[in-house]
Every structure is written in C-alpha cells, then in structure tokens.
Amino acid sequence: MARMVFVERDGSRHEVEAQTGLSVLEIAHENNIDLEGACEGSLACATCHVIVDPAWADRLKSPTDDEEDMLDLAFGLEKTSRLGCQIVMTEELDGLVVHLPKAG
C-alpha cells in the first residue's frame with residue numbers, strides 16, 4: 001500500500017497509508033484528517049483544497065477546467081493548489097505530501 005503525508009495547519013506531519021484508487025479527500029477522511037469535502041467529492045465546492053508540496057506538483061495530472069473553476073473559490077490559493085477530491089492515489093504517488101491551507 002502506498003503512503004502519503006498530510007501537513008496540518010500547525011505544521012505537524014501525519015504519514016498515513018493511502019490505498020491506491022482513493023482520492024486524497026477519501027484518504028484524509030479515513031485517517032481523521034481535517035479536510036472538509038462538503039460536496040463529498042462531486043467537484044461542486046472547494047472545501048477539500050490542499051496545497052501539493054512543490055516537489056510533487058509536476059507528478060500530478062493537470063487540473064481540469066472544472067477543477068480550476070472551483071479552485072477560484074478557495075481561500076489562500078497557491079501555485080500548487082488542488083482539490084483533494086481530484087487527486088487519485090497511484091503507486092507512482094507513493095510518498096505524496098500535501099499541506100492543508102493555513103486558513104479558510
């Protein structure tokens with residue numbers, strides 16, 4: 001099983017098991033990480049906004065236009081901001097690091 005790291009708002013790091021085929025949002029929920037996901041991953045909100053560690057950003061598929069539109073609603077956008085519901089774990093992403101936005 002793959003692993004990934006969530007960096008909390010306070011800087012604490014949580015390395016968790018990340019089942020391939022699940023989204024970052026689903027993995028967060030399975031591991032009690034505070035990532036809302038109000039629309040339950042239906043790409044209708046921006047509450048699962050995460051900031052992908054720059055070392056990993058280029059390894060992800062590019063965001064769709066729909067994801068980009070939803071990201072426009074997120075607070076604290078950064079260059080590597082993505083929606084957790086749109087990042088699906090693969091073996092190639094083993095070790096992925098995402099940061100939870102500081103506010104919002």
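The rules we used
- Residues numbered from 1 in each chain as written.
- Predicted model: local features only at pLDDT ≥ 70, side-chain atom pairs only at ≥ 80, totals over all residues.
- Heavy atoms only, no water.
- Salt bridge = Lys/Arg side-chain N within 4 Å of Asp/Glu carboxyl O.
- Helix = DSSP H or I, 4+ residues; strand = E, 2+ residues; numbered from the N terminus.
- Buried < 20%, exposed > 50% of the residue type's maximum accessible area, 1.4 Å probe, protein only.
- Phe/Tyr/Trp six-rings, centres within 6.5 Å; stacked < 30°, edge-to-face > 60°.
- Lys NZ or Arg CZ within 6 Å of the ring centre and 35° of its normal.
- Core = buried A, V, L, I, M, F, W, Y, C linked by side-chain atoms within 4.5 Å.
- Contact = heavy atoms within 4.5 Å.
- Pairing = 2+ DSSP bridges.

### Considering the pattern of salt bridges
Turning to step 1, where the next piece is worked out: Applying the stated criterion across every chain yields a total of 4 salt bridges.
Turning to step 2, where the next piece is worked out: Across the salt bridge formed by E15 and R3, the nearest N and O atoms sit 2.7 Å from each other. Here E15, found in strand β2 (residues 13-18), pairs with R3, found in strand β1 (residues 2-7); they are 12 residues apart in sequence, far enough to count as distant.
Turning to step 3, where the next piece is worked out: In this structure R3 comes out as partly exposed when scored by relative accessible area, which is 29%.
Turning to step 4, where the next piece is worked out: Between E67 and R82 there is a salt bridge, with the nearest N and O atoms lying 2.8 Å from each other. Pair noted here: E67 is in helix α3 (residues 65-71) and R82 is in strand β4 (residues 81-83), with a separation of 15 residues, a long-range link. Pair check on accessibility: E67 and R82 agree, each one buried.
Turning to step 5, where the next piece is worked out: Each of R3, E15 and E17 takes part in salt bridges that share partners, so that together they form one network.

### Some details on the packing of aromatic side chains
Turning to step 1, where the next piece is worked out: According to the stated counting rule, one finds 0 aromatic pairs in the structure shown.
Turning to step 2, where the next piece is worked out: The ring of W56 has R59 sitting right over it, with the charged end atom 4.1 Å from the ring centre.

### Things to note about the nonpolar core
Turning to step 1, where the next piece is worked out: Counting residues in each nonpolar core, the largest one holds 32 residues, and the members touching the most others are M4, F6, I27, I87, M89, L96 and V98.
Turning to step 2, where the next piece is worked out: Going through the elements one at a time, β1, β2, α1 (24-30), β3 (49-52), α3 and β5 (96-99) are the ones with two or more residues in this core.
Turning to step 3, where the next piece is worked out: At 5 residues, β1 tops the list of elements feeding residues into this core.
Turning to step 4, where the next piece is worked out: In contact with F6, other than residues within four places in its own chain, are S12, R13, H14, V16, V24, I27, A28, I33 and V98.

### Considerations on the pairing of β2
Turning to step 1, where the next piece is worked out: Relative to β2, β1 runs antiparallel, the two sharing 6 bridges. Across the sheet, F6 pairs through a bridge with H14, a residue of β2.
Turning to step 2, where the next piece is worked out: Between the end of β1 and the start of β2, which pair antiparallel, lie 5 residues, with G11 showing a positive phi angle near 95°.

Treat this as a map of the structure, not an account of what it does.
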